[in-house]
Structures are given as C-alpha cells and as structure tokens.
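# Coordinate analysis (summary)
Residue-level listing of the chains:
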Amino acid sequence: MITVASLAPHLGGALVLGGLAVAASRRRELVIRWCAWAVGVPLVTGAFWLGRPGAAAVAIVVGVIAVMEYGGLMRLGRVDRVVLAAAVVGVVLAAWLAPGQVLRAVAAGALAVAAVPLLAGDADHGLRRLGAGLLGLAWLSVTAALVPLGASALALFVAVSVADIVAYFAGRGLGGPRLSPLSPAKRWSGTLAGAAAGLGALAVLSALSWPMAVAVAVGGPAGDLLESMIKRGARAKDAGRWLPGSGGLLDRIDSLLIALAVLLVLPRA
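Here the structure is a predicted model, which means the values were calculated and not measured.

This paragraph deals with empty space enclosed by the protein. Scanning the model with the defined rule gives one cavity of 30 Å³ or more in all. Taken as a whole, the largest cavity spans an internal volume of roughly 40 Å³. In terms of lining, the largest cavity is formed by Leu 76, Asp 80, Val 83, Leu 84, Val 113, Val 116, Arg 129 and Gly 133. Contributing elements (two or more residues each) for the lining of the largest cavity: α4 (78-97), α5 (102-120) and α6 (126-140). Classifying every residue of the lining of the largest cavity by side-chain character gives five nonpolar, one polar and two charged.

Bringing the pattern of salt bridges into the picture now. For the structure shown, the criterion picks out six salt bridges. Here Arg 129 ties to Asp 80 by a salt bridge, and the two come within 3.0 Å at their closest N and O atoms. Here Arg 129, found in helix α6, pairs with Asp 80, found in helix α4; they are 49 residues apart in sequence, far enough to count as distant. Accessibility expressed as a relative area gives 14% for Arg 129, which makes it buried.

Right, let's talk about helix α9 (residues 188-204) for a bit. Helix length check: α9 (17 residues) gives 24 Å between terminal C-alpha atoms against 24 Å at 1.5 Å per residue, within 8%. Buried residues of α9: Ser 189, Gly 190, Thr 191, Gly 194, Ala 195, Ala 197, Gly 198, Ala 201 and Leu 202, and no others. Check the buried side of α9 and you find it contacts α8 (151-174) and α10 (210-234). Ser 206, located one to two residues past α9, shows a positive phi value of around 60°.

Here the focus is the confidence of the model for the chain. Of all residues in the chain, 99% have pLDDT values of 70 or greater, and the mean over the chain is 91. Confidence, read as mean pLDDT per element, is least for helix α1 (residues 4-25) in the chain (83) and greatest for α4 (98).

Attention now moves to the packing of α4 against α6. Two packed helices can be described by the angle between their axes and the distance between those axes. Relative to each other, α4 and α6 sit at 30°, their axes nearing to 10 Å. The angle between α4 and α6 places the two elements in the roughly parallel class. Relative to α6, the crossing made by α4 is right-handed. The segment α4 lies against α6, with Asp 80, Leu 84, Ala 87 and Val 88 engaging Arg 129, Gly 133, Gly 136, Leu 137 and Leu 140.

Turning our attention to the side chain of Ser 189. By the secondary structure assignment, Ser 189 is in helix α9. The class of Ser 189 is buried, set by a relative accessible area of 18%. Within polar-contact distance, the side chain of Ser 189 engages the backbone oxygen of Gly 175 at 2.6 Å. Excluding anything up to four places from it in sequence, Ser 189 contacts Ala 170, Gly 171, Leu 174 and Gly 175.

Scoring rules and cut-offs
Position numbers for residues count from 1 along each chain, tracking the sequence in the order it is written. Side-chain atom pairs in this predicted model are given and counted only at pLDDT of 80 or more, local residue features only at pLDDT of at least 70, and totals for whole chains, interfaces and linings cover all residues. To get the side-chain values, take all heavy atoms of the structure and skip hydrogens and water. We place a 1 Å grid over just the protein atoms. Points where a 1.4 Å probe fits but has no way out form a cavity, open points with protein on both sides within 12 Å along at least 5 of 7 lines form a pocket, and any residue with an atom within 4 Å of a point lines it. Grid points are joined across faces, edges and corners, and a volume is the space filled by probe spheres set on the points. The secondary structure listing takes helices from DSSP runs of H or I that are at least 4 residues long and strands from runs of E that are at least 2 residues long, numbered from the N terminus. Note on residue categories: nonpolar means Ala, Val, Leu, Ile, Met, Phe, Trp, Tyr, Cys or Pro, charged means Asp, Glu, Lys or Arg, and polar means any other residue, Gly included. Criterion for a salt bridge: a side-chain nitrogen of Lys or Arg within 4 Å of a carboxyl oxygen of Asp or Glu. The buried label goes to any residue with under 20% of its type's maximum accessible area, the exposed label to any with over 50%, and the partly exposed label to all in between, with areas taken from a 1.4 Å probe on protein chains only. Multiplying 1.5 Å by the helix residue count minus one yields the expected span of that helix. Whether two residues are in contact is decided by their heavy atoms, any of which lying within 4.5 Å being enough. pLDDT expresses, on a scale from 0 to 100, how confident the predictor is about each individual residue. Orientation is described by axes fitted as lines to C-alpha atoms, over the contacting stretch for helices, and by angles from 0 to 180 degrees between their N-to-C directions. For classification purposes, angles smaller than 35 degrees are called roughly parallel, those larger than 145 roughly antiparallel, those between 65 and 115 roughly perpendicular, and all remaining angles oblique. Take the far helix as your reference; a near helix turned counterclockwise from it by less than a right angle gives a left-handed crossing, and one turned clockwise gives a right-handed crossing. Under this definition, polar contacts are N or O atom pairs within 3.5 Å; protein pairs additionally need one hydrogen-donor-capable and one acceptor-capable atom, and for neighbouring residues in sequence, both atoms have to be side-chain atoms.

Here it is as structure tokens:
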C-alpha cells in the first residue's frame, strides 16, 4: 500500500537531484522553477501527511486558484467565477465529509452555475457563460479526487510531472510527427518517452498498476492537450503569470486533472 511516509524520501531525493542538475545547468529559468518546487512539494506532502483533512485543504486551495485562472481564460465575470469556485469547493467538501453525496454535490453545483446567466437574462453571452461554467465544473471539480486517493494521487502527480519533463526534452531532441495541432511543439516521440518515464517513476514509487499506468500514459497527455485547446481558444500562452517559472497553476496541473479523472473511472483492485 502506498503511503505518504513511503513517498517522502523519494520526493526529497528527487528535489535534491533536481537542484544539483539545475545548479549545474546555470539556467536562471530552471533555478526559479526549482525554487518554486522546493517550496511547494514539502507543503503539499505535509498536507497529505495529515490525511483526508489535509488533502481536502490542498484540493480546495488548488481548485479555487484553478477556477480563477480558468475564469480569466474564458473571460467569465466575477459572479460566474465565485459561483463556480463555490461549486468546486462544495464537491471537495462532499468528497471529504459525505462521499456518498458527491454526485448530488456536482448536480447542485451545475444548477448553481447555470442559474447565474439565466437569472441575469444574458441573451448575448449566456450560452457561452453556461458552457464555460459547466466545462469548468466538470474539469476542475476533479480536484476532489485528491481526498479519497490520498497518497496514490501524490504518486500520480510525481509520475505525470516526470512524464511531462521527459516528454518536453525528448520531443525536442528526437523530433518526429506532431502529437496534435492543438500543441504543435509536442511530438509523438516525446509523448511515448514521457509515458515510459512516468511508468518508471510509478515503479520506483511502488505505485505501478494498470489503472495508474493508463492514467499516466493516456490521461496525462490528454489533460495537457485539453488545456492547450482552452488556451488557444483564449489566445493565451499561459493560464497565469504568478507561479515562478511555470506561468499559472493550471499549467502545472493540467495533466494531473485528466489523469485523476481516468483513474477514477477505471476499476481498481
């Protein structure tokens, strides 16, 4: 069984090795990104160490920030963003406090999101606001999966992060056919190399199973393409600018979100 205690030494070791590699590269952008990881990884790991309350706290913070970034990309107004954030938080709280009521919480959130443009009588942009709000709820409320999955979600995050990094460098080095018009810089060679590296990370973490493997190999790239589609529609390069070296939070968790969704729908032993 995967536990946070069993993952902690691997996470610490990865940070140390990454820091040495970044220092050797002397690339400022990589140093900035590593510093952000050096702060974030211990905080998230410590929260997961507290169990379901800590995981719920992480899910709420991540969900609310993600909603704000997504709302900016989709040009949603303040009321739309607040209601969507409340809906996502409601799903997370249901996953923590009343797991049997998660679907009811999602349905209530969808009704609340739909009510905003309906009550405003927005004939010009109501359909766009409704569609964006429901997509945001379906996409971002997946953060609630952090609560029941616990340490498995943490291992999944490590694996998709490793896969993303390897896919980036391998794609640039190996070249070959493009993965999708949604993200012209990504190559099939990088995606396959990243998937192999992600599965290797799962094996090192003693978290390798066929659902986790599918989540990393299929869900991770799909999540990256989904955010790329949204950003291209919004004509934006990044979801935000506040996270050092990474743009926004959505730019870091896009692969994780769909990987979590895949893991939720697949049967697990």
